[in-house]
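Here are the chains, one letter per residue:
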Amino acid sequence: MAKNKKRRRNRNDPRRKEIQRQREEARRRVAEQRRKEREAEEQRARRFALLRRFGLPVLAGLGVFTIALVLFRPAPELPGVQRPPLQEPVELAAGASGEYDSATPTSGAYLPGDPICGAFEDEISPEQAVTALYHGAVVLWHRPGLPESELAELAGFVDEFPATLVVSPNDAVAEPIVATAWGRLRAYDGADADVREFVQIYRDRGPGEATCPTG
C-alpha cells in the first residue's frame, strides 16, 4: 500500500505569501510595541531624574513659602478703624494709676493679674480697660443712657464672646458706642452687626496672653 506523501506548497502559492505577510506584520507590530514601551520607559526615567534634580527643591521651597505666608500674613483690618499711637505697655504696681492719651485708651500701662470681662453697669477704670486690651479683649464703651434695646444687644455680644469682651458705660463718650482693641478704635451709631464684626476681627490682638476668667 502506497504511503501518502506530504503535499508541498509552491513558493509562489498566494496563500503561502499571505501567511508570510501576516507573520511579518505581526513581528513588526510586536517590535513597534516594544519600541514604544522602551521610549515610554526612557521618558519616565528622564522625568524622574528631572524631578529629583529640580522638582523636589522647588516643592520644598513652595512648602516653606506657604508656611511663611500663613504664619506672617498681615492680620485683617476693617475700613474706618483708627490706629492711635501706641503707648508703652508698662505693668503697673497693684493699685497704681496710669496716664493715658484719651478717655477711651487703646494701649499703655496695665495692671498685673488677669483681666476682667463682662457687661458692667458702673464705669470701669481706664487701667482695667487697658489691662483687658493688653490681654486681647475688646472694650466697648457706651454713652450713659443708651436705650435698653441697645444694651441688650451689647449683652448678647458678651454672651457670644465671654472671654474677650468688656462692655462699660463711659461719661466721656459722646458717640453711642466706641469700640476699642489694642491699638484700634472706632465709633459706632448703635449696637449692630458692624460692632460684632469689630469684636470678631480685633479680639486676641493684644501682646499679653492671659484670658478673662469665665464660668
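Residues numbered from 1 in each chain as written. Predicted model: local features only at pLDDT ≥ 70, side-chain atom pairs only at ≥ 80, totals over all residues. Heavy atoms only, no water.

### So, the overall build of the protein chain
Here comes step 1: Secondary structure assignment for the protein chain yields 4 helices and 5 strands.
Here comes step 2: Secondary structure elements of the protein chain occur, N-terminal to C-terminal, as α-β-α-β-α-β-β-β-α.
Here comes step 3: By residue count, 31% of the 215 residues in the protein chain fall in the buried class.
Here comes step 4: Residue pairs in contact within the protein chain that sit at least 24 positions apart in sequence constitute 64% of those at least 6 positions apart.
Here comes step 5: A total accessible area of about 14,800 Å² is found for the protein chain, and carbon and sulfur atoms account for 52% of it. (Helix = DSSP H or I, 4+ residues; strand = E, 2+ residues; numbered from the N terminus. Buried < 20%, exposed > 50% of the residue type's maximum accessible area, 1.4 Å probe, protein only. Contact = heavy atoms within 4.5 Å. Areas by Shrake-Rupley, 256 points an atom, 1.4 Å probe, with all protein chains shown as cover.)

### Observations concerning a negative patch on the surface
Here comes step 1: On the surface, a cluster of negative charge is contributed by Glu153, Glu175, Asp189, Asp192, Asp194 and Glu197.
Here comes step 2: On the secondary structure map, Glu175 appears in the loop between β3 (165-169) and β4 (177-181). (Patch = residues over 30% accessible without salt bridge, like charges linked within 9 Å, V, L, I, M, F, W, Y side chains within 5 Å. Salt bridge = Lys/Arg side-chain N within 4 Å of Asp/Glu carboxyl O. Lys, Arg positive; Asp, Glu negative; His and termini not counted. Charge placed at Lys NZ, Arg CZ, Asp CG, Glu CD.)

### Topic: the pairing of β4
Here comes step 1: Most of β4 sits out of view: 5 of its 5 residues are buried.
Here comes step 2: By the alternation rule, side chains of β4 split into Ile177, Ala179 and Ala181 and Val178 and Thr180, which are all buried.
Here comes step 3: With 4 bridges joining them, strand β2 (residues 138-142) and β4 adopt antiparallel strand pairing. Along β4, the bridge assignment pairs Trp141 with Val178.
Here comes step 4: Pairing geometry for β4 and strand β5 (residues 184-188), over 5 bridges, is antiparallel. Each bridged residue has a counterpart across the sheet, and for Ala181 the counterpart in β5 is Arg184.
Here comes step 5: Between β4 and the antiparallel strand that follows it, β5, lie 2 residues; Gly183 among them carries a positive phi value of about 75°. (Pairing = 2+ DSSP bridges.)

### Concerning the pattern of salt bridges
Here comes step 1: For the structure on display, the rule yields 6 salt bridges.
Here comes step 2: Ionic pairing is found between Arg44 and Glu41, a salt bridge with its closest N-O pair at 2.6 Å. Taken together, the residues span about one helical turn, with Arg44 and Glu41 both in helix α1 (residues 14-72) at a distance of 3 residues.
Here comes step 3: The class of Glu41 is partly exposed, set by a relative accessible area of 45%.
Here comes step 4: Connected through salt bridges with shared partners, the residues Glu32, Arg35 and Glu39 form a single ionic network.

### Concerning the sheet that holds β5
Here comes step 1: An order of β1-β3-β2-β4-β5 is seen for the 5 strands of this open sheet, with the pairing classed as mixed. Every interior strand has two partners, whereas the edge strands, β1 (118-119) and β5, have only one.
Here comes step 2: Lying over the sheet, helix α2 (residues 126-134) contacts β2, β3 and β4, oriented at roughly 145° with respect to β2. (Axes fitted to C-alpha atoms, helices over the stretch in contact; angles between N-to-C directions.)

### Some points on the nonpolar core
Here comes step 1: Counting residues in each nonpolar core, the largest one holds 21 residues, and the members touching the most others are Val139, Trp141 and Val166.
Here comes step 2: For this core, the secondary-structure elements that each account for two or more residues are α2 and β2.
Here comes step 3: If one sorts the elements of this core by residue count, α2 sits on top with 5 residues. (Core = buried A, V, L, I, M, F, W, Y, C linked by side-chain atoms within 4.5 Å.)

### With respect to the side chain of His135
Here comes step 1: Turning to its location among the elements, His135 is positioned in the loop between α2 and β2.
Here comes step 2: Here Glu209 takes part through its backbone nitrogen, which lies 3.5 Å from a polar atom of the side chain of His135.
Here comes step 3: Looking at His135, its side chain comes within polar contact range of the main-chain nitrogen of Ala210, at 3.2 Å.
Here comes step 4: Those residues in contact with His135 that sit more than four places away from it in its chain are Gly113, Pro115, Gly208, Glu209 and Ala210. (Polar contact = N/O pair within 3.5 Å; in protein donor to acceptor, adjacent residues only side chain to side chain.)

### Things to note about helix α3 (residues 148-160)
Here comes step 1: Between its terminal C-alpha atoms α3 stretches 18 Å, which fits the 18 Å expected from 13 residues at 1.5 Å a residue.
Here comes step 2: Among the residues of α3, those classed as buried are Leu154, Phe157 and Val158. For α3, the arc enclosing every buried residue in end-on projection is 100°, short of the 170-degree limit, so these residues lie on one face. The outward face of α3, more than 90 degrees from its buried face, is lined by the exposed residues Glu148, Ser149 and Asp159. (Expected span 1.5 Å × (residues − 1). Arc of directions from axis to C-beta.)

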